[in-house]
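If you want the building blocks of each chain, they are given just below.
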Amino acid sequence: MHISKKCSIAIHCLIFIHEYGDKVKVTSDLVSKSTGISAVTIRNIFSSLKKEGILSVKNGTGGALIQCPLEDISLYRICQALEPDFLSHLIGIHDSPSSLCPVGKNIHAVLDMSYDIIRNDLKKSLETITMKKVISDYEKMNQ
């Protein structure tokens, strides 16, 4: 099972922007130093979050700000913004089972029934965790 590192990086970015956005101009170069990820990757993440309405980003001079209430930014929304099909790629299924075998010809349909339950459960869980909670957790750890 796999959720991309991009989601964790995006959450890192959002915490950083929340903590410092009203004090300094938060640019991809600045966040790159905090995350240890290239500024190009950060700009791509910013772009995806901007399209989703989570961030506003000033072009040219830079500066990212959170655009909506933290309780409206779920982890699911972040993951979906970065990788719209992440749930469908969450669990891999082998590509070429034998169509001549009773198990092989039905295995994808059988597995999809169970895997859909897992995907739906994960989606529900990701929808319940918001950036408000994540930032609250961060602030508790940072005291």
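Check the entry above for the structure.
The complete set of buried residues in helix α6 (residues 131–141) reads Met131, Val134 and Ile135. Axial view of α6: buried residues confined to an arc of 95 degrees, hence all on one face. α6 presents Lys132 and Lys140 as exposed residues on the side facing more than 90 degrees away from its buried surface. Where α6 is buried, its residues touch α1 (5–20) and α4 (75–82).

Throughout the structure, instances matching the rule amount to 6 salt bridges. In this structure, Lys23 engages Asp22 in a salt bridge whose closest nitrogen and oxygen atoms are separated by 3.5 Å. Asp22 carries the same exposure label as Lys23, and that label is exposed. Here Asp137 and Lys133 are joined by a salt bridge, their closest N and O atoms 2.5 Å apart. Taken as a pair, Asp137 and Lys133 lie in helix α6 at a separation of 4 residues, close to a single helical turn. Residue Asp137 is classed as partly exposed on the basis of its relative accessible area, which comes to 31%. Residue Lys133 is classed as partly exposed on the basis of its relative accessible area, which comes to 41%.

Let us look at the packing of α1 against helix α3 (residues 39–51). Across the interface, α1 lies against α3 with an axial gap of 10 Å and an inter-helix angle of 80 degrees. As summarised for this structure, α1 and α3 are arranged roughly perpendicular, according to the angle between their axes. Here α1 contributes Lys6, Ile9, Ala10, Cys13, Leu14 and Ile17 to the contact with α3, which in turn contributes Ile42, Ile45, Phe46 and Leu49. Broken down by class, the residue content of the contact of α1 with α3 amounts to 9 nonpolar, no polar and 1 charged.

In contact at an axis separation of 11 Å, α1 and α6 are set at 70 degrees when each is read in the N-to-C sense. Comparing the axis directions of α1 and α6 gives the class roughly perpendicular. Where α1 abuts α6, its residues Ile11, Leu14, Ile15, His18 and Glu19 lie against Met131, Val134, Ile135, Tyr138 and Glu139. Its residues placed into classes, the contact of α1 with α6 shows 7 nonpolar, 1 polar and 2 charged.

Each value, and the rule that gives it
- Residue positions are counted from 1 within each chain, in the order its sequence is given.
- Confidence filtering applies because this is a predicted model: local features only for residues at pLDDT of at least 70, side-chain atom pairs given and counted only at 80 or more, and all residues used for totals across whole chains, interfaces and linings.
- Only heavy atoms go into the side-chain values, all of them from the structure, while hydrogens and water stay out.
- Only protein chains enter the calculation, and the probe is 1.4 Å; a residue is then buried if its accessible area is under 20% of its type maximum, exposed if over 50%, and partly exposed in between.
- Helix and strand assignments follow DSSP, with helices taken as H or I runs no shorter than four residues and strands as E runs no shorter than two, numbered in order from the N terminus.
- Throughout, the arc means that of the directions going from the helix axis to the C-beta atoms.
- Pairs of residues are marked as contacts when any of their non-hydrogen atoms sit within 4.5 Å.
- Salt bridge, as used here, is a side-chain nitrogen of Lys or Arg placed within 4 Å of a carboxyl oxygen of Asp or Glu.
- Angular values range over 0 to 180 degrees, each being the angle between N-to-C directions of two axes fitted as lines to C-alpha atoms, with helices fitted over their stretch in contact.
- Angles are sorted into four bins: roughly parallel if under 35 degrees, roughly antiparallel if over 145, roughly perpendicular if 65 to 115, and oblique for all others.
- In the scheme used here, Gly and all other residues not listed as nonpolar or charged are polar, with Ala, Val, Leu, Ile, Met, Phe, Trp, Tyr, Cys and Pro taken as nonpolar and Asp, Glu, Lys and Arg as charged.

Take it as geometry only, folks, not as evidence of what the structure does.
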